[in-house]
Amino acid sequence: MKLLSTKATCNSHGQDSSYFLGWQEYEKNPYDEVQNPKGIIQMGLAENQLSFDLLESWLAKNPDVAGFKRDGKSIFRELALFQDYHGLPSFKKALVDFMAEIRGNKVTFDPNHIVLTAGATSANETLMFCLAEQGEAFLLPTPYYPGFDRDLKWRTGVEIVPIQCTSTNNFQITESALQQAYEEAKNKNLKVKGVLVTNPSNPLGTTMSKSELNLLIDFIKDNKDMHLISDEIYSGTVFTSPSFISVMEILKERNDFKDFDADISERVHVVYSLSKDLGLPGFRVGAIYSENDMVVAAATKMSSFGLVSSQTQYLLSSMLGDKKFTKNYIFENQKRLKKRQKMLVNGLQKAGISCLETNNAGLFCWVDMRHLLNSNTFEAEMELWKKILFDVRLNISPGASCHCTEPGWFRVCFANMSEDTLNLAMKRLKDFVANSINGEGCSNNKKKTRSTQASRSFTKKSISNWVFRLSSRDHREQEER
Amino acid sequence: MSLGSESYQLLSKIATNDQHGENSPYFDGWKAYEKNPFHPRKNPQGVIQMGLAENQLCFDLIEEWIKNNPKASICTPEGVCKFRDIANFQDYHGLPEFTSAMAKFMSKVRGGRVRFDPNRILMSGGATGANELIMFCLADPGDAFLVPTPYYPGFVRDLCWRTKVQLIPVHCDSSNNFKITREALEVAYKKAQENNINVKGLIITNPSNPLGTTLDKETLKSLITFINEKTIHLVCDEIYAATVFTSPSYVSVSEVVQEMKCNLDLIHVIYSLSKDLGFPGFRVGIVYSYNDQVVNCGRKMSSFGLVSSQTQYMLASMLSDEKFVDKFLLESSRRLLKRHDKFTKGLEEVEISRFPSNAGLFCWMNLKKLLKEETIEEELKLWHVIINEVKLNVSPGSSFNCSEVGWFRVCFANIDDETVEIALQRIRAFVGKETKKKIEVKRWQPNLSLSFTSTRFDENVLSPHNHIIISPHSPLVRAT
């Protein structure tokens, strides 16, 4: 008899993918300005480290919160005992107000419709448990966050069917792609329970257009048991136009114009988190927002498996309840993100690399390295990724790990390191590309097709050339200048 | 709003079935409390909450420590230099100082007789999350776990709801002090086999909720032998480990496996700080497994319920303060014993028997003599009387799947001394009234089947009805 469960012994946690392997390599040899200047620079982690000083200065001005005090009285006992899965009312109020502010107050949220969860990881899994049976499917536009394979599928048994998006229109969702995905699911005998999108998108770093959002709503409108989940965890990271439009805004619009089926609002759900916008992934603050009372009721009960620590709820209820602070934070944070993104884009340009021109949000750029591939294949992408990881020593995320249909795209993060480190990373990349142009055995021709066999042996040879070249002493010295 | 059968297609079966257990009639007590909560000044006629197994006896010690250790918080001026590192830390291995402090603490709670490896510690969303996680790792939908009765009602949600694992009760009763016998295990196991149910393991709670007792070494050894023979898992929920307040001293499964031949791949411990330290709000659940594959897989699953890094950091500091921990464990034990003795003495005074206990935050009371008939219906009737007339929220044994009727779990560590006194007064009044109702009224009744660990009879006990002057409609004595 099998000792462990099937879930324990399969690998649908997805953590054997390259996305996580890159992390492992980084951990073995992490860059440090002083201790390990030749180490791997982490550019695969979508963290927001740009605005901690703003949080720290708020803390300095609000000592009571730190000491578990309210109006001078200790509330430690109260907090230590508070395990009500309805959440701290003051925190939920502060959270929904913050969410509204991020959306320019064009929509408001009812705190009674929010469910707190241990991070967006838990929120997404919980929604799957609530909305779909094992074996049913959700449609997701590609490329998508690699962690979805674990969060949406692993313990729930739900399937993901990709909506193939391409660079021809900057990876926007088209009606035909949506229909194609739906047909694919049907052919596989998978009942589709809905669509899940990330808006702003990870890994694209773009916000969805009004027409895309309307397309999605129209799609689920006609299929009465379908849901639309909008993962809006990057909503506060929009740093340039076009401004962020939440699915909730579209619903409100349609309601205002009476172009509305009353029940649609019951089938649209939003996921939020403070991990990206506030840069607090360690605090595990996630949320599900839904107008559907039954979803809220079920998800609330399920949140027992991953409640937010009461001390964290308390701290954040105070912080987010300070409207002066949140207004300034949102504004300043976006300003810094914009500046940092520009640095990355310029650095990439100097290396002759471009990224998605519509990038206006997120903590990363969706970078086009198709011209650096030996062939228009995922094998070539993997080779390039390994070179960049082991030789250039940058951990970036290959498009294949995000289920991108086109090889050659990479997600590169910019908000989780200092400016100096970013500059160094760009320099390393520039040198790498310069050498590749001068080097032998590298083809810039992305249109050439080769048989798999030939391309493998070819690239094998070119790898050893690169490795030899990049590990030579001369090259190292050049890099350090 | 779309309701009815349409909604059921819209949501999953899990979302719409009752397996979360919250529609159970046993929540009536909570609802009564919530509608009318007791407060010594604002609502002295309200329902006293005695259905919540919380440990509120030692907050003063913790508060003092927090005051003296501002560096433990990442928000104070002394600690804010760590803010960004901690706020950013989401590694599912946990803060090394946290797992290391937890390992040391768990060892201390077991008298230093076992050592725990911090690398085997997995975080989860409270014991609730931990129990669910271990099921996801060990069992497939449809598989079963054996569980001795009576057991914590929340197990149905935690172990079964989303995992689709089933529970098979192993019947224990008072005829042999609720011992988990080899016989009872075999009966349950055989029954499962006959029904083609795949048993993946046995889950025990030690110290027991609701019994409040610890397992003796012999029993633990026999359980370990049993699971090894069947090659099934043993999950030991040890969340009450530090609530042991009197002898016999605590023996954990980790100790016993050191002394006997056992396939360690089958042994897993569930822990939490909700009961021992009184921190249910902080959501600190731990899965400790001796099985490498479970650790590996469970660690990835812990992503769904990591402990807030702010909390990890604070607890790492607190639990590695060995002087404080030693003092706390001693004092907590002492206060629990004191509270237990106060409450059980009160019960004795009205001849309510209870299961002798040495741990836990509650008392397992026997009210069989107050039942008209020994049926679950009568138990529930009595229970409603206790909630609505005596105004105490207690938990009926049937909610714990107890095979015998008449048992009730009463919590005593979540209220202050004053409230305990009021509760006892209400109980005295009620029992007096009930006893008067019986056809044969005896002034003095001998104690029932169970023996007490400490039997001190006050003079007053000899005439239990002396100070009960109540009208049937106001069983309350005013609170100061």
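Residues numbered from 1 in each chain as written. Chains lettered and ligands numbered in written order. Predicted model: local features only at pLDDT ≥ 70, side-chain atom pairs only at ≥ 80, totals over all residues. Heavy atoms only, no water.

Looking at an unreviewed UniProt entry, chain B carries the name 1-aminocyclopropane-1-carboxylate synthase, with the source organism given as Medicago truncatula. Recorded under Subunit (unreviewed entry), the UniProt text for chain B is reproduced unchanged: "Homodimer." Turning to chain B, the UniProt record has this under Sequence similarities (unreviewed entry): "Belongs to the class-I pyridoxal-phosphate-dependent aminotransferase family." (UniProt positions renumbered as here; feature names shortened; annotations may be inferred.)

Where an unreviewed UniProt entry is consulted, chain A appears under the name 1-aminocyclopropane-1-carboxylate synthase, with the organism given as Medicago truncatula. Checking UniProt for chain A, the heading Pathway (unreviewed entry) contains the comment "Alkene biosynthesis; ethylene biosynthesis via S-adenosyl-L-methionine; ethylene from S-adenosyl-L-methionine: step 1/2." UniProt's Cofactor (unreviewed entry) comment on chain A is quoted here verbatim: "pyridoxal 5'-phosphate".

*Asks:* Please explain the overall build of chain B as it appears in this structure.
*Replies:* When helices and strands are counted, chain B shows 16 helices and 13 strands. When contacts within chain B are restricted to residue pairs at least 6 apart in sequence, those whose partners lie at least 24 apart make up 74%. Total accessible area on chain B is roughly 19100 Å²; 50% of this is exposed by carbon and sulfur atoms. (Helix = DSSP H or I, 4+ residues; strand = E, 2+ residues; numbered from the N terminus. Contact = heavy atoms within 4.5 Å. Areas by Shrake-Rupley, 256 points an atom, 1.4 Å probe, with all protein chains shown as cover.)

*Asks:* Can you help me understand the domain arrangement of chain A in this one?
*Replies:* Interface size is often expressed as the accessible area that is lost when the parts come together. Residue and element names in this part refer to chain A. The domain architecture assigned to chain A consists of domain 1 (6–53 + 330–433) and domain 2 (67–326). Here the C-alpha centroids of domain 1 and domain 2 sit 25 Å apart. On the domain 2 side, the residues contacting the 35 residues of domain 1 number 40 residues. A combined buried area of about 3400 Å² lies between domain 1 and domain 2, and 58% of that area is made up of carbon and sulfur atoms. Across the contact surface, domain 1 and domain 2 share zero salt bridges. Those elements giving two or more residues to the side of domain 1 that touches domain 2 turn out to be α14 (323–350), β12 (364–368) and β15 (409–413). The element that contributes the greatest number of residues to the side of domain 1 that touches domain 2 is α14, accounting for six residues. Considered class by class, the residues forming the side of domain 1 that touches domain 2 number 15 nonpolar, 14 polar and six charged. (Domains from an automatic or database assignment. Buried area = accessible area lost by both parts, 1.4 Å probe. Salt bridge = Lys/Arg side-chain N within 4 Å of Asp/Glu carboxyl O. Nonpolar A, V, L, I, M, F, W, Y, C, P; charged D, E, K, R; others polar.)

*Asks:* Would you explain the confidence of the model for chain B in this entry?
*Replies:* Segments scoring low in pLDDT should not have their predicted coordinates read at a detailed level. Residue and element names in this part refer to chain B. Looking at chain B as a whole, the pLDDT averages 89, with 89% of positions reaching at least 70. Confidence drops under pLDDT 50 across residues 1–5; counting only partners more than four residues distant or on other chains, this segment forms four contacts. Low pLDDT (under 50) marks residues 441–480, which in the prediction has 58 contacts with non-local residues, meaning those over four places away or in another chain. (pLDDT = per-residue confidence, 0-100.)

*Asks:* Where do I start with the interface of chain B and chain A in this structure?
*Replies:* Taken together, the contacts link 77 residues of chain B with 74 residues of chain A. Across the chain B to chain A interface the summed buried area is about 6900 Å²; carbon plus sulfur atoms make up 60%. Looking only at chain B, the three residues that lose the most surface to chain A are B:L10, B:R162 and B:F304, adding up to 12% of its buried area. In this structure, the connection of chain B to chain A is made through three salt bridges. Residues A:E125 and B:R162 are paired through a salt bridge, measuring 4.0 Å at the closest nitrogen-oxygen approach. Here the element with the most residues in the side of chain B that touches chain A is helix α7 (residues 126–138) of chain B; it accounts for six residues. Classifying every residue of the side of chain B that touches chain A gives 35 nonpolar, 27 polar and 15 charged.

*Asks:* Which parts of the structure should I look at to understand the sheet that holds strand β3 (residues 144–148) of chain B?
*Replies:* Consider a sheet: its strands pair through backbone hydrogen bonds, and that pairing is either parallel or antiparallel. Residues and elements named next belong to chain B. In space, the seven strands of this open sheet follow the order β2-β8-β7-β6-β5-β3-β4, with mixed pairing throughout. A strand with exactly one partner marks an edge of an open sheet, and here the two such strands are β2 (121–125) and β4 (166–170). Between one strand axis and the next, the sheet turns through 25 degrees on average, direction left out of account. Where strand β5 (residues 199–205) meets strand β6 (residues 233–237), five bridges bridge the pair, whose relative direction is parallel. Across the sheet, residue I203 finds its bridge partner in β6, namely V235. Contacts between helix α9 (residues 182–194) and the sheet are confined to β3, β4 and β5, with β4 contributing the most and set at about 145 degrees to the helix. Those strands touched by helix α12 (residues 292–301) are β2, β7 (267–272) and β8 (284–289), and its axis lies near 35 degrees from that of β2. (Pairing = 2+ DSSP bridges. Axes fitted to C-alpha atoms, helices over the stretch in contact; angles between N-to-C directions.)

*Asks:* I'm lost on the sheet that holds β12(A) in this one. Help?
*Replies:* Residues and elements named next belong to chain A. Spatially, β11-β12-β15-β14 is the arrangement adopted by the four strands of the open sheet, whose pairing is antiparallel. Both outer strands of the open sheet, β11 (354–355) and β14 (397–398), are each paired with one neighbouring strand and no more. Across two bridges, β11 lies against β12 in antiparallel orientation. Looking across to β12, one finds that C355 is bridged to V367. Running at roughly 15 degrees to β12, α14 makes contact with β11, β12 and β15 of the sheet.

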